[in-house]
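The chain contents come next:
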Amino acid sequence: MIIDFESESIEIHNKLKQVEGYLDCEKIIIYTIKKQLDNGFDDEKIIVYLKMLSVWLAKKREACRGNADGANYRYAAGFIDTLLKMPYWKSWMNTIQM
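Draft legend 1. Spatial organisation of the packing of aromatic side chains. Evaluation of the coordinates by the stated rule reveals four aromatic pairs. When the centroid spacing of 6.1 Å and the interplanar angle of 70° are considered together, the rings of Phe 5 and Tyr 49 count as edge-to-face. Of this pair, Phe 5 sits in helix α1 (residues 5-16) while Tyr 49 sits in helix α3 (residues 43-63), placing them 44 residues apart in sequence. The same class applies to Phe 5 and to Tyr 49, which are both buried. Taken together, a centroid distance of 5.6 Å and an interplanar angle of 85° make the contact between Tyr 22 and Tyr 75 edge-to-face. Separated by 53 residues along the polypeptide, Tyr 22 in helix α2 (residues 22-38) and Tyr 75 in helix α4 (residues 68-85) bring together distant segments of the chain. On the basis of relative accessibility, which here comes to 33%, the residue Tyr 22 falls in the partly exposed class. Classification of Tyr 75 as partly exposed rests on a relative accessible area of 25%.

Right, here's the structure in full:
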């Protein structure tokens, strides 16, 4: 089973349009990852998903350059890129209460 990137990206897009600021964008990404963990996806599939999401967010950011949505895409992509560099992202993710 693979993560349904299309439906997930639509959900993230809709949520990012409703929030403002870095912390709200972080919460959206954390919620999304926790949902994938709860659905039983393994680390490898989640990492592939996060890499795809990072590229998708970068493209959305470029398309929205100069407006508020572009900032939210930048915040979300930056957070994902940081997570991908952390070898202990999963244990950190499990400590967050939402």
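Draft legend 2. Spotlight on the packing of α1 against α3. α3 packs onto α1 with a crossing angle of 50° between their chain directions and a minimal axis gap of 11 Å. By the angle between their axes, α1 is oblique relative to α3. Between α1 and α3 the crossing geometry is right-handed. Of the residues in α3, those in contact with Phe 5, Glu 8, Ser 9, Ile 12, His 13 and Leu 16 of α1 are Tyr 49, Met 52, Leu 53, Trp 56, Leu 57 and Lys 60. Residue composition of the contact of α1 with α3, grouped by class: eight nonpolar, two polar and two charged.

Procedures and definitions
- Residues numbered from 1 in each chain as written.
- Predicted model: local features only at pLDDT ≥ 70, side-chain atom pairs only at ≥ 80, totals over all residues.
- Heavy atoms only, no water.
- Phe/Tyr/Trp six-rings, centres within 6.5 Å; stacked < 30°, edge-to-face > 60°.
- Helix = DSSP H or I, 4+ residues; strand = E, 2+ residues; numbered from the N terminus.
- Buried < 20%, exposed > 50% of the residue type's maximum accessible area, 1.4 Å probe, protein only.
- Axes fitted to C-alpha atoms, helices over the stretch in contact; angles between N-to-C directions.
- Parallel < 35°, antiparallel > 145°, perpendicular 65-115°, else oblique.
- Left-handed = near helix turned anticlockwise from the far one by under 90°.
- Contact = heavy atoms within 4.5 Å.
- Nonpolar A, V, L, I, M, F, W, Y, C, P; charged D, E, K, R; others polar.

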